[in-house]
Protein chains: 2
Amino acid sequence: MTSIRSELESNRVQELDQLLKLVSPKILEYVAKADPNSDSYQSNSLGTYHEPSELKEKLLTHHDRLDATGIKDAPLGELEDVIDKVLNLSVNTWNPGFMDKLYASNNPIGVISDLILSVLNTNSHVYTVSPVLSVLENYIGKKYAQLFFTNDQQTCGGLTFSGGSWSNVTSMQIARSLKFPETKELGNGNYKFAVYTSKHCHYSVEKAAILLGLGSKNVFKVDILADGSMDVNSLKSTVEQSIKDGYTPLYINATAGTTVFGSFDPFTEISEIARKHDIWFHIDGSWGGNVVFSSTHKKKMIGSHLANSITANPHKMLGVPTTCSFLLLPHVGHFQKAMSLSAPYLFHGNNDDEENYDLADGTMGCGRRADSFKFYMTWLYYGQQGLEERVDHAFNIAQYFIEKISHLDGFELVVGSKESPPQCLQVCFYYSPEGYKSKDHTEATRFISRALHSKGKYLVDYSPNPTSQDGKGEFFRVVFNSPILTSEVIDDLVESIVAAGKELEL
Amino acid sequence: MTSIRSELESNRVQELDQLLKLVSPKILEYVAKADPNSDSYQSNSLGTYHEPSELKEKLLTHHDRLDATGIKDAPLGELEDVIDKVLNLSVNTWNPGFMDKLYASNNPIGVISDLILSVLNTNSHVYTVSPVLSVLENYIGKKYAQLFFTNDQQTCGGLTFSGGSWSNVTSMQIARSLKFPETKELGNGNYKFAVYTSKHCHYSVEKAAILLGLGSKNVFKVDILADGSMDVNSLKSTVEQSIKDGYTPLYINATAGTTVFGSFDPFTEISEIARKHDIWFHIDGSWGGNVVFSSTHKKKMIGSHLANSITANPHKMLGVPTTCSFLLLPHVGHFQKAMSLSAPYLFHGNNDDEENYDLADGTMGCGRRADSFKFYMTWLYYGQQGLEERVDHAFNIAQYFIEKISHLDGFELVVGSKESPPQCLQVCFYYSPEGYKSKDHTEATRFISRALHSKGKYLVDYSPNPTSQDGKGEFFRVVFNSPILTSEVIDDLVESIVAAGKELEL
């Protein structure tokens with residue numbers, strides 16, 4: 001009988017070798033041209049804006065291959081062309097001018113961790129197929145949780161979800177499932193659940209309430225103080241009024257590092273209200289939670305040990321590759337208690353340990369990429385001291401920027417001051433070019449932001465005020481979150497803003 | 001004034017170069033020892049089972065580094081030791097004996113795609129920061145959807161979610177949001193929503209109903225036929241009875257490739273019931289949906305164009321690295337219609353195109369890794385023909401196994417026969433070693449499965465029957481889903497099962 005075989009992967013080793021040899025120098029070059037410390041540095045390597053139509057025309061040049069035999073059988077140059085275009089038309093986030101979002105560039109250990117995860121290509125849902133990755137996730141999840149849950153060192157722990165939103169969603173499900181266990185079988189039923197959060201929270205809190213069938217109208221958005229943090233008196237009266245109105249209080253979300261202002265809510269005071277009314281107390285620390293790594297800044301997380309759950313994303317402040325988001329609990333066993341359906345075809349559940357290593361059983365999902373591994377490797381690589389240095393450096397750079405613009409005409413902080421700086425790593429500010437008369441800054445902000453991007457050197461974001469209707473319009477939100485930022489880069493950024501402002505026709 | 005700078009990433013290019021040079025030969029060696037076509041092949045390279053306690057002892061040898069300065073500043077050998085342990089104590093899924101789960105090994109283009117994604121390290125939530133990845137996701141999502149939604153070629157499309165479960169969850173949310181738009185604001189309210197699925201569906205359908213606040217008791221699990229597919233008569237009467245009982249029918253889930261048996265539900269007949277009662281019709285094709293790539297096997301998906309949504313996972317049958325799961329819709333605009341909250345601080349929404357490229361706006365999440373890129377690259381690399389060959393080869397191997405065991409004593413298929421084989425790529429069977437007297441096969445199945453694993457050569461899964469209480473106990477579920485499988489591997493697998501059975505003390 002003839003052997004049955006396929007040629008598709010008959011040459012894996014040589015092929016992988018060939019592709020690694022093709023791609024490795026390209027990515028080194030890609031990093032080098034974005035690195036001010038490299039001889040190949042090009043300040044405009046961040047890249048410029050392209051409209052989708054333009055990108056489609058440039059990118060989709062080999063798509064006849066999709067319908068035929070594939071690029072595998074073509075000369076290697078064809079694949080190389082695709083890879084070159086993907087790299088060169090993307091935003092090069094290794095460039096220090098990438099200050100647009102709350103994450104920074106990847107780094108060497110991040111790339112290697114992703115590469116190892118890719119080679120392992122297993123699923124961290126069940127121990128049998130992912131023993132190492134499951135053990136490491138439990139280990140690092142606990143070690144991470146211990147930074148927050150100082151009173152629950154033995155029992156705390158964490159699992160990863162594919163982004164802060166999904167960690168927040170999961171926390172709300174755990175809250176409902178543990179506080180109202182009958183809802184697992186019966187659904188929300190006649191409960192009129194209420195969720196409380198500040199007006200400056202991330203949209204995922206509202207989306208979570210929609211997804212859980214609670215409805216966005218039953219998310220009470222509490223007022224904020226001038227610094228963007230939650231007004232606890234407003235929370236108190238909102239909770240009390242909602243109870244009078246027949247609501248069942250379910251969940252309070254407090255934010256550590258809000259999306260726009262970077263504010264921290266007052267956790268201890270919030271926890272008192274939560275405890276009084278027996279409400280689940282969650283902290284969305286996706287952005288700001290990782291100040292716990294800094295002796296100087298961890299005071300912003302005071303009271304986090306009182307939370308029932310905390311989201312914290314190493315892929316933001318700690319430079320772990322996206323995505324890497326943890327949901328942390330004071331009692332790690334509650335993941336399974338809240339989630340398990342004991343599917344016997346998957347979870348055979350026998351090992352010599354009291355911990356659960358079939359990690360998906362503690363989630364609402366099944367297949368999982370072990371994002372935790374990237375955090376384990378990053379922490380191991382830089383150590384506690386390195387991560388602290390990373391966080392502190394970013395705060396120092398933000399402070400440098402604030403001091404710098406405080407001496408210059410036209411700059412105005414939206415929140416905070418030189419003496420009482422914004423609480424996290426982003427700085428929100430208006431800039432009025434000389435002679436700019438409009439009270440509304442939207443036009444100037446957008447013009448300058450686009451002008452910076454058009455030079456391929458800086459990408460910075462802008463935003464309206466989430467709450468105030470003061471007519472001042474949109475402002476810059478620039479994020480200082482990378483060890484490659486230096487005071488020289490900031491000097492140049494400020495000069496570039498001023499220069500771009502001069503191009504605005506008044 | 002002194003410059004403010006950090007040394008943490010001051011040497012990115014050299015460091016990345018060094019780490020790539022350290023890891024590249026290791027992963028080539030890792031693949032080579034698992035590859036029967038390589039001179040370095042070791043049949044036992046799949047690895048053996050380790051208890052968690054044993055792994056912890058071996059793995060966590062450098063964890064003092066976590067609390068100090070990190071391995072970065074230690075001799076390179078220390079990091080090398082960690083990487084070696086991670087690789088060598090993991091299950092080597094490149095070994096052809098990895099037949100345990102519904103995914104297979106990675107492959108060269110998969111590794112490279114993951115590497116490029118890691119270097120780009122951006123977030124495919126907003127076009128500005130991920131222009132290329134957003135355009136490619138829309139492009140490949142549409143092309144993929146066109147294989148299923150043959151009547152909606154112009155409007156169909158898809159987005160990725162972090163696994164089949166999350167795609168299924170999202171489909172249920174879209175169903176509720178589009179059919180009962182007031183639920184977005186008001187929650188489930190007084191609706192008593194019903195969900196229908198077969199008894200052999202994946203647990204994520206039930207978990208989705210729990211997450212959405214519908215409750216697991218309101219998931220009606222319909223009977224199956226002998227081949228494991230949904231009994232449409234039972235569905236019909238269940239739906240009708242539930243309406244009489246005051247339920248509002250929301251969602252029917254049909255499965256393309258059930259988890260245990262690999263059965264395909266009858267989509268056309270199910271769609272008629274769905275249409276009659278105005279119920280959302282979803283197909284969970286996480287596992288089996290990709291038979292659409294095969295001219296021979298795509299008939300199993302007949303009727304898929306009648307679905308309102310389809311989950312399909314390239315990370316399973318198509319060998320794309322985990323995770324890569326798409327939710328596909330006949331009208332791609334419905335993602336945003338169902339999901340958007342128009343958060344103005346993130347989604348500025350201006351480009352020259354009618355499509356939405358701020359992809360997160362069409363999801364319940366925010367940050368996203370662009371899993372779609374790995375599928376784009378895989379499809380481009382192998383082409384339609386290569387993916388067809390991949391699927392067909394796997395079916396041929398499964399068929400070869402079935403024919404082989406049909407001639408041997410002690411083997412008995414749980415579902416299907418030589419003439420009418422199981423519908424997907426897994427084969428469920430009992431094996432009774434010579435002299436095995438027990439009607440319950442659990443002991444023999446588990447013993448043999450462990451014996452195979454203990455040799456480091458084969459990892460195969462086992463399961464109880466999800467529905468039948470016939471006392472026959474657990475059976476093998478072996479998955480044939482890789483181009484590296486050959487008839488010779490199957491011959492050896494069968495011999496190994498028989499040999500392991502002889503070791504069982506009767």
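Residues numbered from 1 in each chain as written. Chains lettered and ligands numbered in written order. Predicted model: local features only at pLDDT ≥ 70, side-chain atom pairs only at ≥ 80, totals over all residues. Heavy atoms only, no water.

Quick word on the packing of aromatic side chains
How two aromatic rings sit relative to each other is given by the distance of their centres and the angle of their planes. Stated precisely, the cut-off is as follows: Think of it this way: a Phe, Tyr or Trp ring, Trp meaning its six-membered ring, pairs with another when their centres are within 6.5 Å, and the plane angle makes it stacked under 30 degrees, edge-to-face over 60, tilted otherwise. A ring is scored as having a charge over it whenever the NZ atom of a lysine or the CZ atom of an arginine sits within 6 Å of its centre and within 35 degrees of its normal.
If you walk through the whole model with that rule in mind, you get 53 aromatic pairs over all chains. The cationic tip of A:K192 hangs over the ring face of A:Y247; the distance from NZ or CZ to the ring centre is 4.4 Å.

Quick notes on the confidence of the model for chain A
Heads up, the condition is: Confidence of the predictor at the level of single residues is given by pLDDT, which spans 0 to 100.
Within chain A, residue pLDDT values average 96, and 98% of them lie at 70 or more. Interface confidence in the predicted complex, given as ipTM, is 0.97; pTM for the same model is 0.97.

Overview of the sheet that holds strand β8 (residues 325–329) of chain B
All names here are of chain B. Just so we agree on the cut-off: Pairs of strands are assigned from DSSP output, requiring at least two bridges between the strands. Each helix is a run of DSSP H or I of at least 4 residues and each strand a run of E of at least 2, with the numbering of both proceeding from the N terminus. Angles shown run from 0 to 180 degrees and are taken between the N-to-C directions of axes, each axis being a line fitted to C-alpha atoms and, for helices, limited to the stretch in contact. Should any heavy atoms of two residues lie within 4.5 Å, those residues are considered in contact.
Pairing within the open sheet is mixed, and its seven strands lie in the order β2-β8-β7-β6-β5-β3-β4. Sheet topology places β2 (157–161) and β4 (219–222) at the edges, where each strand pairs with a single neighbour. Strand after strand, the sheet turns through a mean of 20° between neighbouring axes, direction not considered. Inspection of the sheet shows strand β3 (residues 193–198) paired to strand β5 (residues 248–255) by four bridges, in the parallel sense. Pairing of Y196 across the sheet is with I252, part of β5. Of the strands in this sheet, β2, β7 (309–312) and β8 are in contact with helix α5 (residues 131–148), which crosses β2 at around 115°.

A look at the sheet that holds strand β7 (residues 309–312) of chain A
Residue and element names in this part refer to chain A. Across the sheet, seven strands lie side by side as β2-β8-β7-β6-β5-β3-β4; this open sheet has mixed pairing. Two strands in the sheet have a free side with no partner beyond their single neighbour: β2 (157–161) and β4 (219–222). Averaged over neighbouring strand pairs, the angle between their axes works out to 20° when direction is ignored. In the sheet, β7 pairs with strand β8 (residues 325–329) via three bridges, with the strands oriented antiparallel. Opposite I310, over in β8, you have L328 as the bridge partner.

Points about the interface of chain B and chain A
Spelled out, the test is: In short, buried area is how much 1.4 Å probe accessible area vanishes from two parts on joining, totalled over both. Each reported salt bridge corresponds to a side-chain nitrogen of Lys or Arg within 4 Å of a carboxyl oxygen of Asp or Glu. Two N or O atoms count as a polar contact when they lie within 3.5 Å, although within protein this holds only if one can serve as hydrogen donor and the other as acceptor, and sequence-adjacent residues are included solely when both atoms are side-chain atoms. Gly is put with the polar residues, along with every residue not named as nonpolar or charged; the nonpolar set is Ala, Val, Leu, Ile, Met, Phe, Trp, Tyr, Cys and Pro, and the charged set is Asp, Glu, Lys and Arg.
Residue-level contacts link 179 residues of chain B with 179 residues of chain A. Contact between chain B and chain A buries roughly 16,200 Å² in total, counting both sides, with carbon and sulfur atoms accounting for 64%. For the interface between chain B and chain A, the tally reads 14 salt bridges. In this structure, the salt-bridge partner of B:K143 is A:D67, at a minimum N-O distance of 2.7 Å. One can count 86 residue pairs in polar contact (both at pLDDT 80 or more) joining chain B with chain A. Counting residues per element, the side of chain B that touches chain A draws most heavily on helix α12 (residues 372–406) of chain B, which supplies 17 residues. A breakdown of the residues in the side of chain B that touches chain A according to their chemical character gives 87 nonpolar, 58 polar and 34 charged.

Observations regarding unusual backbone geometry
Peptide bonds are mostly trans, and most non-glycine residues show a negative phi. All names here are of chain A. For clarity, the cut-off: Three exposure classes are used, based on accessible area relative to the maximum for each residue type with a 1.4 Å probe and protein chains only: buried under 20%, partly exposed in between, and exposed over 50%.
Here the amide bond leading from T322 into T323 is cis, since omega sits at -10°, within 30 degrees of zero. With a phi angle near 30°, N121 is a residue other than glycine that sits in the positive phi range. Along the chain, N121 turns up in the loop between α4 (108–120) and α5 (131–148). Backbone geometry at D278 places phi at a positive 55°, although glycine is not the residue there. For D278, the position within the fold is in the loop between α10 (267–276) and β6 (280–285). Residue D278 is classed as exposed on the basis of its relative accessible area, which comes to 52%.

Some details on the packing of helix α2 (residues 52–59) of chain A against α5(B)
To keep it simple, the criterion reads: Should an angle fall under 35 degrees it is taken as roughly parallel, and over 145 as roughly antiparallel, whereas 65 to 115 is taken as roughly perpendicular and any remaining angle as oblique.
Following both chains from N to C, one finds α2(A) and α5(B) inclined at 75°, their axes separated by 10 Å at the closest point. Here α2(A) is positioned roughly perpendicular relative to α5(B), judged by the angle of their axes. For the pair formed by α2(A) and α5(B), the contact residues are A:P52, A:L55, A:K56 and A:L59 on the first element and B:P131, B:V132, B:V135 and B:L136 on the second.

Section: the pairing of β2(B)
All names here are of chain B. Most of β2 sits inside the fold, with five of its five residues counted as buried. Side-chain alternation along β2 places G157, L159 and F161 on one buried face and G158 and T160 on a second face that is also buried. Here five bridges tie β2 to β8, and the two strands are oriented antiparallel to one another. Its bridge partner being in β8, G157 is matched across the sheet by L329.

Thoughts on the pattern of salt bridges
For the structure shown, the criterion picks out 60 salt bridges over all chains. B:R12 is the partner of A:D35 in a salt bridge, and the nearest nitrogen-oxygen pair spans 2.9 Å. Remark: B:R12 occurs in helix α1 (residues 12–32) and A:D35 occurs in the loop between α1 (12–32) and α2; the pair is interchain, linking two chains. Since its relative accessible area comes to 1%, B:R12 is described here as buried. Note that B:D371 and B:K374 form a salt bridge whose closest N and O atoms lie 3.6 Å from each other. Judged by relative accessible area, which is 5%, B:D371 ranks as buried. Looking at B:K374, the relative accessible area reads 0%, which means it is buried. Shared partners join several salt bridges into a network, and the residues in it are A:D114, A:R369, A:D371, A:K374, B:D114, B:R369, B:D371 and B:K374.

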